[in-house]
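Descriptive structure summary
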Amino acid sequence: MRNILITISLLMTQLSLAQKPVILTDFVSNEPLTDYQIFFFHDETCSFSIGTVYSDYYRDPFERLDFSNEELGLDKIKPGDCVWFRFIFDNKAGRQVSYHLQPNIFSTFGEFLLYQKFSNGSITQRRSGFEIIPGNKDVNISGSDDLRFYIPPAEKDTIYLMTRIISESVFSDLTFTVSTHDIVIKKDRFRRILFGVFLGIMIIMILYHLTLFLQVRERSYLYYILYILAFLGFFINKEGFIYELTPQFTSAPLNTFLAEIFLLFFILFGRSYLDTSKRLRDWDRILLLAVYFILGGMILSFIMITLESRGRYIPYFLQIIALSVNIISVLGSLFLVILPAFILKKKKYPPARYFLVANIFLILGVLILVLFNDIPIGKHGLEFGVTLQIVTFSVGLGGKINLLKREREFAQRRIIDQLRENAALKDKVNRELEDKVRERTKEIRMQKEQIERQNKEIKYSFDYAKRIQSTVLPPAEVFENLFSEHFIFFKPKDIVSGDFYWISQKEENIYITASDCTGHGVPGSLMSMLGITMLHEIVNEKDFFHSDKILNELRFSITRTLKQEGKPGEQKDGMDMVLLIYDSASRKLEFSGANNPMYLIRNHEMIEYKGNNMPVAIFDNMSDFTRQIIQLEKGDRIYLFTDGFPDQFGGPQGKKFKYKPFKKLLLEIHERPMDEQKRILQMVFDEWKGALDQIDDVLVMGLRF
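The rules behind these values
- Residues numbered from 1 in each chain as written.
- Predicted model: local features only at pLDDT ≥ 70, side-chain atom pairs only at ≥ 80, totals over all residues.
- Heavy atoms only, no water.
- Helix = DSSP H or I, 4+ residues; strand = E, 2+ residues; numbered from the N terminus.
- Buried < 20%, exposed > 50% of the residue type's maximum accessible area, 1.4 Å probe, protein only.
- Contact = heavy atoms within 4.5 Å.
- Core = buried A, V, L, I, M, F, W, Y, C linked by side-chain atoms within 4.5 Å.
- Axes fitted to C-alpha atoms, helices over the stretch in contact; angles between N-to-C directions.
- Parallel < 35°, antiparallel > 145°, perpendicular 65-115°, else oblique.
- Left-handed = near helix turned anticlockwise from the far one by under 90°.
- Nonpolar A, V, L, I, M, F, W, Y, C, P; charged D, E, K, R; others polar.
- Polar contact = N/O pair within 3.5 Å; in protein donor to acceptor, adjacent residues only side chain to side chain.
- Pairing = 2+ DSSP bridges.
- Patch = residues over 30% accessible without salt bridge, like charges linked within 9 Å, V, L, I, M, F, W, Y side chains within 5 Å.
- Areas by Shrake-Rupley, 256 points an atom, 1.4 Å probe, with all protein chains shown as cover.
- Salt bridge = Lys/Arg side-chain N within 4 Å of Asp/Glu carboxyl O.
- Phe/Tyr/Trp six-rings, centres within 6.5 Å; stacked < 30°, edge-to-face > 60°.
- Lys NZ or Arg CZ within 6 Å of the ring centre and 35° of its normal.
- Lys, Arg positive; Asp, Glu negative; His and termini not counted.
- pLDDT = per-residue confidence, 0-100.
- Disulfide = S-S within 2.5 Å.

**Considerations on the overall build of the chain**
From N to C terminus, the chain includes 16 helices and 23 strands. Buried residues in the chain amount to 44% of all 705 residues. In the chain, of all internal contacts separated by at least 6 residues, the share reaching a separation of at least 24 is 72%.

**Structural notes on the nonpolar core**
Ranked by internal contacts, the top residues of the largest apolar core, which has 60 residues, are Tyr-224, Ile-228, Phe-231, Phe-269 and Phe-355. Looking at this core, the elements with two or more residues in it are helix H3 (181–216), helix H4 (219–239), helix H5 (251–274), helix H7 (281–309), helix H8 (316–346), helix H9 (350–371) and helix H11 (381–472). At 15 residues, H5 tops the list of elements feeding residues into this core. When residues no more than four places from it in sequence are discounted, the contact partners of Tyr-224 are Met-205, His-209, Phe-269, Ile-390, Val-391, Phe-393, Ser-394 and Leu-397. Among the nonpolar cores identified, the runner-up in size contains 47 residues, and Leu-551, Met-575, Tyr-582 and Leu-699 belong to it.

**Concerning the packing of H3 against H4**
How two helices pack is summed up by the angle between their axes together with the distance between the axes. The geometry of H3 relative to H4 is characterised by a closest axis approach of 9 Å and an angle of 160° between their N-to-C directions. Between H3 and H4, the angle falls in the class roughly antiparallel. Seen from above, H3 lies across H4 with left-handed handedness. For the pair H3 and H4, the contacting residues are Arg-191, Phe-195, Phe-198, Leu-199, Met-202, Met-205, Ile-206, His-209, Leu-210, Leu-212, Phe-213 and Val-216 in the first and Tyr-221, Leu-222, Tyr-224, Ile-225, Ile-228, Leu-229, Phe-231, Leu-232, Phe-235, Ile-236 and Glu-239 in the second. The residue makeup of the contact of H3 with H4, split by class, is 20 nonpolar, 1 polar and 2 charged.

**Digging into the side chain of Gln-389**
Along the chain, the position of Gln-389 falls in helix H11. Among the residues examined, Gln-389 registers a relative accessible area of 0% and is labelled buried. A distance of 2.7 Å separates a polar atom in the side chain of Gln-389 from a polar atom in the side chain of Tyr-227. Setting aside residues no more than four positions away along its own chain, Gln-389 makes contact with Tyr-227, Phe-266, Ala-358, Asn-359, Phe-361 and Leu-362.

**Some words on the pairing of strand E15 (residues 575–583)**
With 7 of 9 residues buried, E15 lies mostly within the body of the structure. Direction of pairing for E15 relative to strand E16 (residues 588–594): antiparallel, over a ladder of 6 bridges. Its bridge partner being in E16, Val-578 is matched across the sheet by Gly-593. Where E15 folds back onto E16 in an antiparallel hairpin, the turn is made up of 4 residues, including Arg-587, whose phi is positive at roughly 55°.

**Topic: a nonpolar patch on the surface**
Side chains of Ile-360, Ile-363, Leu-364, Val-366, Leu-367, Ile-368, Val-370, Leu-371 and Phe-372 sit close together on the surface and give an oily, nonpolar patch of about 800 Å² of accessible area. Tracing the backbone through its elements, the reader meets Val-366 in helix H9. According to the relative accessible area criterion, Val-366 is partly exposed, its value standing at 36%.

**Overview of the sheet that holds E16**
Taken together, the 5 strands give an open sheet; going across it, the order is E13-E14-E15-E16-E19, and neighbouring strands pair in antiparallel fashion. Each end of this open sheet is capped by a strand with a single partner; those strands are strand E13 (499–506) and strand E19 (628–631). Averaged over all pairs of adjacent strands, the angle between strand axes in this sheet comes to 15°, irrespective of strand direction. Contacts from helix H14 (residues 547–561) reach strand E14 (509–517), E15 and E16 within the one sheet, and its direction differs from that of E15 by about 145°.

**Concerning the packing of aromatic side chains**
Counted under the stated rule, the structure contains 38 aromatic pairs. Ring geometry for Phe-85 versus Phe-171: centroids 6.1 Å apart, planes at 15°, classification stacked. Taken together, the residues span a long stretch of sequence, with Phe-85 in strand E5 (residues 82–91) and Phe-171 in the loop between strand E10 (156–164) and strand E11 (176–180) at a distance of 86 residues. Like Phe-85, the residue Phe-171 is buried in the burial classification. Summarising the aromatic geometry, the rings of Tyr-99 and Phe-149 are spaced 5.9 Å apart at their centres and angled 25° between planes, so their arrangement reads as stacked. Here Tyr-99 is found in strand E6 (residues 98–103), whereas its partner Phe-149 is found in strand E9 (residues 147–150), with 50 residues between them in sequence. Judged by relative accessible area, Tyr-99 falls into the buried class, the value being 0%. Grouping aromatic residues by their ring pairs yields a cluster made of Phe-489, Tyr-599, Phe-641, Phe-645, Phe-657, Tyr-659, Phe-662, Phe-685 and Trp-688. Over the face of the ring belonging to Phe-27 we find Arg-95, whose NZ or CZ atom lies 6.0 Å from the ring centre.

**What about the side chain of Asp-647?**
By the secondary structure assignment, Asp-647 is in the loop between strand E20 (637–641) and strand E21 (649–650). The buried charged residue Asp-647 lacks any salt bridge partner; its closest oppositely charged side chain belongs to Lys-656, at an N-O distance of 4.1 Å. Not counting chain neighbours up to four residues away, the residues in contact with Asp-647 comprise Lys-656, Tyr-659 and Ile-695.

**Observations concerning the confidence of the model for the chain**
Across the chain, the average pLDDT comes to 82, with 89% of residues at or above 70. Here residues 1–16 is a poorly scored stretch, pLDDT under 50, and it has 1 contact once near neighbours within four places are set aside; other chains count.

**Quick look at the sheet that holds strand E23 (residues 698–704)**
Reading across from one edge, E12-E23-E20-E17-E18 is the order of the 5 strands in this open sheet, with antiparallel pairing throughout. Each edge of the sheet is formed by a strand with only one pairing partner; in this case those strands are strand E12 (486–491) and strand E18 (605–609). For this sheet, the mean angle separating the axes of adjacent strands, direction not counted, is 15°. Across 5 bridges, the pairing between strand E17 (residues 598–602) and E18 is antiparallel. Bridge pairing in E18 links Arg-602 to Glu-605. Set on the sheet, helix H15 (residues 659–669) makes contact with E17, E18, E20 and E23; between it and E17 the angle comes to about 35°. Contacts between helix H16 (residues 674–689) and the sheet are confined to E12, E20 and E23, with E12 contributing the most and set at about 25° to the helix.

**Brief notes about the state of the cysteines**
One pass over the full model with this rule turns up 1 disulfide. Bridging Cys-46 to Cys-82, the disulfide has an S-S length of 2.0 Å. Between Cys-46 and Cys-82 the disulfide shows an S-S torsion of about 100°. By sign, it is right-handed. Residue Cys-46 is located in the loop between strand E3 (39–43) and helix H2 (50–53), and its partner Cys-82 is located in strand E5; the two are separated by 36 residues in the primary sequence. On the accessibility criterion, Cys-46 (31% relative accessible area) is partly exposed. Classification of Cys-82 by relative accessible area gives buried; the value is 5%.

In structure tokens form, the structure reads like this:
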């Protein structure tokens, strides 16, 4: 009796540990597999194969998958390992049906290989997994890892599944369900039809509002279109349709990135729709900060996607930061945009009401998705909520455009009224101005007549001064008698000039000077007449014979006449000049200069003789003038000048002519007759000056010996 009890006890224990079969029916749908229906084997080296199972020396290594049993060592499963599963299926269906073995969609495993042996001895292999290209998967439905198998009705069969562990795998999350192929296809068809309807509505809304945006150019329409596109991207990724074409990333970074884009355009649309930049400026600054915060989250998510696509490890702290940014962005976006809508609704801003209602639909859709995810209608709560939200936004945008139109019409009426008031005021002002203009015109006419009389008197005075100055300057006959070849290019800035030239003969000596007095016009002409008078007195009456002595005496006469004492702030009027004394018998030339040089051209080369660096006037570092003796040769050409020609502004860029081009010009024309040289100088000067004003008196003298 005792032996019988022991035998029964052992039999019961063995039966309790035996693997229970999974019962299949015609309509099994998402039937979960329990621990007693799943046996596993941990293959650390991935050396176990399906051939081993069917060999003559096979010893069963499989154990019941019990996560509460620590002795199984489930915590020691690591990336690179392989785990085998064994399932026993008992088909009770009354007809031929194929089935799907469905790993949990939230689990991520590198590869699934399903093996099934048929009665003819052949072993089939079906393949799926995270790292498998979608086109090579056994069942390619929205990125799922379903594996299809077939068992004849009223038969049992054992199926083996090999799973490869990768770094993203969480073994404890791996669960299995079974569904018939017909039910899987039916659910997928219903989901695609629902998605097609939703997608069609969204595309119609996009095209409709794109047309409105192109017509009215209202920025709200553009952000609204981008908001719909962002949600479509997020939704297509969420439903897994994109992974039917391309290998998938880990869901978190890409979903987070798409969600951040969705939130970004949600805030931008809210800012534009509620017109916070004009109506709530403080809130608008906060919304701008939220935009920058979300952009930072997008950059972080993009970095994580890039690292993952290249097979790099994403640090844990980076994942925590990205998750925190995403949570703050979701909650903060709703709060930061909905609260201004409440404020504007209290201020009787009509578009705010539509904005609140639209977002209530969105929140209800999210709640339905979370609370009723177990039923088909609940799984699509977000789509229904967003559809109602977008439709409400469309109505609200139409109302906002009408509001803007009324505001513009009101503003236009105010402008028209203001223009009428301005026109009436303008007429009144014009009448008053006309009266004042008539009075002022009479006064101006009288002033004009008075000014014209004064101008005539002034011009008469200038013309008279010019005649006086002309009589003081040496006549052309004097130069013609003393020099057979010469020219004098003399062009005063005003009617009278501060530049002067002078010549005198005493026995064999000829005295010549070209001088530039301080100032031009009337003040300059007075100084020039004073200089000519003093030179005549010094040379012809006081009998000074050398050029340096003449300049010293001229300076003394000027400072005495003008009472110059060198005190600070005192006007330092004087002259820059060149004085030559030519001995016609010995052909020697005596030269002295005050600031101005003299050019001698001999044998196609120019020699520059520089004078003393001081004017004929009171000066800070004043010393005696010096002289230079030059033995002239036949054909030598001497040029005396003031600074009027080199300092004249003109040319394409309005710059000074300068001394270097002036020297080059003289050297180019020195072989031509003196009269022609004068014409060339005058032509070059006029072309260079162009439409600009002449800035100073111009004097250039040329003598050929």
